[in-house]
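Structural features, examined
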Amino acid sequence: MSEKKEPSVLAGSAAGPMPRWMAAAGILLGAALCFRAYNSFLSQGLGKDGLFQVLIGLVCVYGAGISRRLYLSDDGVVREMRSWGRILRKILLWKDIRHVTLAFRGNRMMAFFEAGATGWKVPFLKDQKGEVLDVLDEYIPEVGVDIIGK
């Protein structure tokens, strides 16, 4: 059975879920802390230490299920955060983008999409420059693009 993928035109270099070993470590640590707090509760009642352990354990388990993605789609620039089946998606529409700046450093490229007084930064690899420019030409050809560096 294949997993359904959202349509994305171009994924940023920061795209991808948390590594499985980190997620497993977070779940194991969180479960261990909650179990320790439960044992402490059974023996002496829930004190400040037990409450603190439960809180940290729950945060570890919750954090293990978080993944973030930044990508360019047909609608605009998308910032997506997934957490245990819940998806929070914010979209900066192409029509709201006033200017784009591409800046290079090493083998990385940062694309800054300006919308009014604020904007969004999306990291890419330097090799994706042509693809980013093609997407910008397709969706927002009237918007100016500044290139800083090589």
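A brief look at the structure comes next.

1. Comments concerning the overall build of the protein chain
Across its full length, the protein chain holds three helices and eight strands. The N-to-C order of helical and strand elements in the protein chain reads β-α-α-β-β-β-β-β-β-α-β. Against the globule reference of 15 Å for 150 residues, the protein chain gives a C-alpha radius of gyration of 21 Å, more extended than a compact globule. Looking at the protein chain as a whole, 30% of its 150 residues qualify as buried. In the protein chain, 48% of the contacts between residues at least 6 apart in sequence involve partners at least 24 apart. Of the roughly 10,000 Å² of accessible surface on the protein chain, 59% is carried by carbon and sulfur atoms. Counting 20 positive and 15 negative side-chain charges, the protein chain places the centres of these two groups 10 Å from one another.

2. Concerning helix α3 (residues 129–139)
Within the sequence span of α3, burial applies to Val-132, Val-135 and Leu-136. Taken down its axis, α3 places every buried residue within 100° of arc, on the same side. Looking at α3, the residues exposed on the side facing more than 90 degrees away from the buried face are Asp-134, Asp-137 and Glu-138. Where α3 is buried, its residues meet β1 (10–11), β2 (66–72), β5 (99–105), β6 (108–115), β7 (118–125) and β8 (144–148).

3. As for the sheet that holds β2
Judged by pairing direction, the sheet is antiparallel, and its four strands sit side by side in the order β1-β2-β3-β4 without closing on themselves. Here the strands that pair on one side only, and so sit at the sheet edges, are β1 and β4 (86–93).

4. Here's the deal with the packing of aromatic side chains
In the structure shown here, the tally under the stated rule is two aromatic pairs. Consider the rings of Trp-94 and Tyr-139, whose centres lie 5.3 Å apart with planes at 5°: the pair is stacked. Here Trp-94, found in the loop between β4 and β5, pairs with Tyr-139, found in helix α3; they are 45 residues apart in sequence, far enough to count as distant. Residue Trp-94 is classed as buried on the basis of its relative accessible area of 7%. In this structure an aromatic cluster arises from ring pairing among Trp-94, Phe-113 and Tyr-139. Across the ring face of Trp-120, the terminal group of Arg-79 is positioned such that the distance to the ring centre comes to 4.1 Å.

5. Re the nonpolar core
One recurring pattern in soluble globular proteins is that nonpolar side chains are buried together. Core analysis: the largest hydrophobic core is formed by 22 residues, its most contacted members being Leu-72, Val-77, Trp-94, Ile-97, Val-100, Phe-113 and Phe-124. Those elements that provide at least two residues to this core are β2, β5, β6, β7 and α3. Of the residues forming this core, the biggest block, four residues, is contributed by β6.

6. Re the pairing of β4
In the sheet, strand β3 (residues 76–83) pairs with β4 via eight bridges, with the strands oriented antiparallel. Each residue of the ladder has a partner; that of Arg-79, found in β4, is Lys-90. The turn joining β3 and β4, which pair antiparallel and follow one another in sequence, is formed by two residues; a positive phi near 50° is taken by Trp-84.

Reading guide: rules and limits
- Per chain, residues are indexed from 1 in the order of the written sequence.
- Where local features are concerned, this predicted model is filtered to residues with pLDDT of at least 70; where side-chain atom pairs are given and counted, the filter is 80 or more; whole-chain, interface and lining totals use all residues.
- The side-chain numbers reported here are obtained from all heavy atoms of the structure, hydrogens and water having been left aside.
- Each helix corresponds to a stretch of at least 4 residues labelled H or I by DSSP, and each strand to a stretch of at least 2 residues labelled E; elements are numbered beginning at the N terminus.
- Our radius of gyration is a C-alpha quantity, and the globule rule it is checked against amounts to 2.2 Å times the number of residues to the power 0.38.
- Per-residue accessibility, obtained with a 1.4 Å probe over protein chains only, is compared with the maximum for each type, and a residue is labelled buried under 20%, exposed over 50%, and partly exposed between these values.
- Whether two residues are in contact is decided by their heavy atoms, any of which lying within 4.5 Å being enough.
- Per-residue accessibility takes into account occlusion by the displayed protein chains alone, with areas from the Shrake-Rupley method and a 1.4 Å probe.
- In summary, the charge assignment counts Lys and Arg as positive and Asp and Glu as negative, without counting His or the chain termini.
- One atom stands in for each charge, and that atom is NZ of Lys, CZ of Arg, CG of Asp or CD of Glu.
- In this description, the arc belongs to the directions extending from the helix axis to the C-beta atoms.
- In short, DSSP must find at least two bridges between two strands for them to pair.
- For this analysis, a ring pair means two rings from Phe, Tyr or Trp (six-membered ring only for Trp) whose centres lie within 6.5 Å, classed as stacked if their planes differ by under 30 degrees, edge-to-face if by over 60, and tilted for the remaining angles.
- Criterion for a charge above a ring: Arg CZ or Lys NZ at most 6 Å from the ring centre, at most 35 degrees from the ring normal.
- Nonpolar core, defined: a set of buried Ala, Val, Leu, Ile, Met, Phe, Trp, Tyr and Cys residues in which side-chain atoms within 4.5 Å join the residues together.

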